Amino acid sequence: MKEILIFAGTTEGRRLSECLGASGIGHTVCVATEYGEIVLKEHPLVRVHSGRMNQEEIREFIEKQRFAVVVDATHPYADRITENIKGAVKELEVLYIRLKRENGVEAGYGKIRCFESHKACAEALEAVEGNILLTIGSKELPAYCISETLKQRLYVRILPGMESLEACREQGVKGRQILALQGPFTMQMNEAMLYQYQIKCLVTKASGRAGGYYEKIEAARRVGIPVYVIGHFQKDEGYSFGEICHILEEICGKRLDRPDKLEIILAGVGMGDQNTLTKGVCQTIENADILLGARRLLVPYQPRLEKKPYYKAEQIIPYLKEKQKEFTLETGRVVVLFSGDSGFYSGCQSLHQALQAEIDTGDLEASIRILPGISSVAYLAACIGESYQDASIYSIHGKKLPNLVRKIKREKKSFILLSGTEDINRLGKQLLEAGMNECEILVGYQLSYPEQQIKVLTPKECCEIKEEGLYICCIKNPNAESGMATHGIKDAELIRDKVPMTKEEVREVSICKLQLHKEAIVYDIGSGTGSIAVEIAGLSDEIQVYAIEQKKEAVTLIEKNRKKLLLENISVVATMAPEGFLRLPAPTHAFIGGSSGRLKEILSALYQVNPNMRVVINAVSMETICEIREILELYSIKEEELVQIQVSRTRKAGQHHLLQAENPVWICAFTFMSEMGEK
């Protein structure tokens, strides 16, 4: 394997060494000072050379050690050492690679002033009143110490090495002015120093992201002081960290163990006001390179690099795939903001799944985690002094929820997440239509914002709300109905008139034989009064029932029964079976209560749309049973059941109770088998 030499005068150089060591690739690192050696992590595959060398010494060192690759990762301002390295390798058969770093002068802060030299910066500082924080290291300190009045106002942040401390001593900088610390420095640490030492101006190099440039700018922004920046404003020549890693991979024939390019954090930000952020989310936003989310959530914040009003996977994923190319040294922190709590009626879960799929395939080099927030339910409950562990919670924010009023009618307390005025108006109207006039509705409007309001309204008053904005409500229902533990609607509860109806005992057995699941799509063919349809729809709000009926009076009855029982997951289809099947979603289950002599055509059509569906047929005559048996011979079926049920009810005659028999009903149940197909 070819020998690699790294001149590591920057964070990038140290990180490259760590990357090579973690990948099992031996190499040598040159540092100028003893402190530079100290901050390097010890590794058995890493040899360290400490001390400054001139051009000839560098050439001899490279030639003696027989290095084949030299990576120049010295500081962009260290022009002399770069010239010496280039001169040393010029006459040797050695590959020279320059590692560049972004300078990052543009940080979106209006109080940045740029200087080409330290001398020019020092002259400008003479006009600045108050204390000044230098974060430029010790090498250029003499330029700022020529003026005694300026020197007395300096606070100098340097590395805690003897060479840096000696430079301060030589310039007459006193101990109380020296801040000897090892970075990296967070924005919070920078801000604390600015306050602690009453700093009125911050001086820094255009050191880019790796040099903590953005953390300094953000701290200055928060304090409101100017920043004087010295640096090379032309684009640095060379290769990015990622490009150099790729070059070394080809040379060594081995993939480098690189850190993820992106750290993606999905964060719940509460109601929207900054006071509802958790401390963890607040710090995450402050340290974000990129912020994504709905436009209204992004307004109060300024990340280090940029923010985009993206919150959908189809927007975010292509954007991140491009952005990951820009983060070549350290992991870029991307924070996606979600209102309320990330795990509570949030788009966070779907985005997490989509991002994880991209990470699993390797298309996105990232890690991902979620930070929770304060939900609007928790916030409203606190505002009105209510608990919510004993309440039902529903959301119609941006979506339709079937049977909402039916749910509310059964609960003493319900929290409802709403969108805007249209939702609160519709809710009030539905409660009125259901006769729930005595409900108390506690409405939260624009929670946490200056225009926040908490109102106690009636259903009628909800219908009259005009103000647009975000709403949530808590509904207290003093007349809550206790829900039944089993299904079973009494025949007397249904509007019947003269239309035939499947009696309740037969309904219960027939529905059991359907073997329904919560996401079932059910055809109730020959629905009649809709007794089967409403019974099934009441089992789960996620079940979708299509009541198919050709008779006009029966269609009217189904609609009446649907409204009476507050069931929105029934669609009434006025058509003759099987012609109407084509425009409906494919069913998972079908109940046939009446076929008008077209049983064979109906079963054939059902098999065509789903050859694995469960079917239950009710029959009251032997002829129909015989027809069913003949038709089923045409198909491969399984789980076949044929049950005959007869119900007798008592009728009071004087002091006696006499049995009165209903007509016997045959219940035929089976499941189509697709693998065999139609015979």
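Going along each chain's sequence as written, the residues are numbered from 1 onward. Per-residue local features of the predicted model are confined to residues with pLDDT of at least 70, and side-chain atom pairs are confined, for both listing and counting, to 80 or more; whole-chain, interface and lining totals are unaffected and use all residues. The basis for the side-chain values is all heavy atoms of the structure; hydrogens and waters are excluded.

Worth spelling out the cut-off: UniProt positions are given in the numbering used here, feature names are shortened, and annotations may be inferred rather than shown by experiment.
Under an unreviewed UniProt entry, the chain has the name Precorrin-6Y C5,15-methyltransferase and belongs to Acetivibrio ethanolgignens. Listed under Pathway (unreviewed entry) in UniProt, the entry text for the chain is "Cofactor biosynthesis; adenosylcobalamin biosynthesis."

A word on helix 21 (residues 552-564)
In an α-helix there are 3.6 residues to a turn, and that puts residues three or four apart on one side. Note the threshold: For helices the rule is a DSSP run of H or I covering at least 4 residues; for strands it is a run of E covering at least 2, with both sets numbered from the N terminus onward. One fewer than the residue count of a helix, multiplied by 1.5 Å, yields its expected span. Per-residue accessibility, obtained with a 1.4 Å probe over protein chains only, is compared with the maximum for each type, and a residue is labelled buried under 20%, exposed over 50%, and partly exposed between these values. Of all possible arcs, the one meant is that of the directions from the helix axis to the C-beta atoms. Note on definitions: a residue-residue contact is assigned when non-hydrogen atoms from the two residues lie within 4.5 Å.
If you check helix 21, its first and last C-alpha atoms are 19 Å apart, about what 13 residues at 1.5 Å a residue would give, namely 18 Å. Of the positions making up helix 21, those classed as buried are Ala554, Val555, Leu557, Ile558, Asn561 and Arg562. Buried positions in helix 21, seen along its axis, are confined to an arc of 160° and lie on one side of it. Exposed side chains of helix 21 directed beyond 90 degrees from the buried face belong to Lys552 and Lys563. Buried positions along helix 21 lie against helix 20 (531-537), strand 23 (544-549) and strand 24 (570-574). Leucine 566 lies just past helix 21 and shows a positive phi near 55°.

Quick word on the pattern of salt bridges
Pairs can form between side chains of opposite charge whenever their charged atoms are close. Put simply, the rule is: A side-chain nitrogen of Lys or Arg and a carboxyl oxygen of Asp or Glu constitute a salt bridge if their distance falls within 4 Å.
Summed over the entire model, instances satisfying the criterion amount to 33 salt bridges. With its nearest N and O atoms 3.8 Å apart, the salt bridge here joins glutamate 633 to arginine 629. Among the residues examined, glutamate 633 registers a relative accessible area of 49% and is labelled partly exposed. Under the relative-accessibility criterion, arginine 629 is labelled partly exposed at 30%. Three or more residues are tied together by salt bridges with common partners; here these are Glu218, Arg221, Arg222 and Glu286.

Topic: the packing of helix 1 (residues 11-22) against helix 10 (residues 241-252)
Put simply, the rule reads: Angles run from 0 to 180 degrees between N-to-C directions of axes, and those axes are lines fitted to C-alpha atoms, restricted for helices to the stretch in contact. What makes a crossing left-handed is the near helix being turned counterclockwise from the far one by less than a right angle; a clockwise turn instead makes it right-handed. In the scheme used here, Gly and all other residues not listed as nonpolar or charged are polar, with Ala, Val, Leu, Ile, Met, Phe, Trp, Tyr, Cys and Pro taken as nonpolar and Asp, Glu, Lys and Arg as charged.
The contact between helix 1 and helix 10 brings their axes to 11 Å, and the two run at 35°. Between helix 1 and helix 10 lies a crossing of right-handed hand. On helix 10, the residues touching Glu12, Arg15, Leu16, Cys19 and Leu20 of helix 1 are Phe241, Ile244, Cys245 and Leu248. Residues of the contact of helix 1 with helix 10, tallied by class, amount to seven nonpolar, no polar and two charged.

Thoughts on the sheet that holds strand 21 (residues 471-476)
What counts here: Being paired, for any two strands, means DSSP has found at least two bridges between them.
Spatially, five strands are ordered 17-18-21-19-20 in an open sheet, and the strand pairing comes out mixed. Of all strands in the sheet, those bounded by a partner on one side alone are strand 17 (392-395) and strand 20 (453-457). Strand after strand, the sheet turns through a mean of 20° between neighbouring axes, direction not considered. As defined by bridge partners, strand 19 (residues 440-445) adjoins strand 21 across six bridges and the pair is classed as antiparallel. Bridge pairing in strand 21 links glycine 444 to isoleucine 472. Strands in contact with helix 17 (residues 421-433) are strand 19 and strand 21; relative to strand 21, the strand with the most contacts, it is inclined by about 20°.

A closer look at the sheet that holds strand 11 (residues 227-230)
Each strand in a sheet pairs with another by means of backbone hydrogen bonds, the pair being arranged parallel or else antiparallel. Pairing within the open sheet is parallel, and its six strands lie in the order 6-11-10-7-8-9. Strand pairing shows two members of the sheet lacking a second neighbour, strand 6 (112-115) and strand 9 (178-180), which therefore form its edges. On average, adjacent strands in this sheet sit at an angle of 20° to one another, irrespective of strand direction. Across four bridges, the pairing between strand 10 (residues 199-205) and strand 11 is parallel. Counted as the bridge partner of threonine 204 is valine 229 from strand 11.

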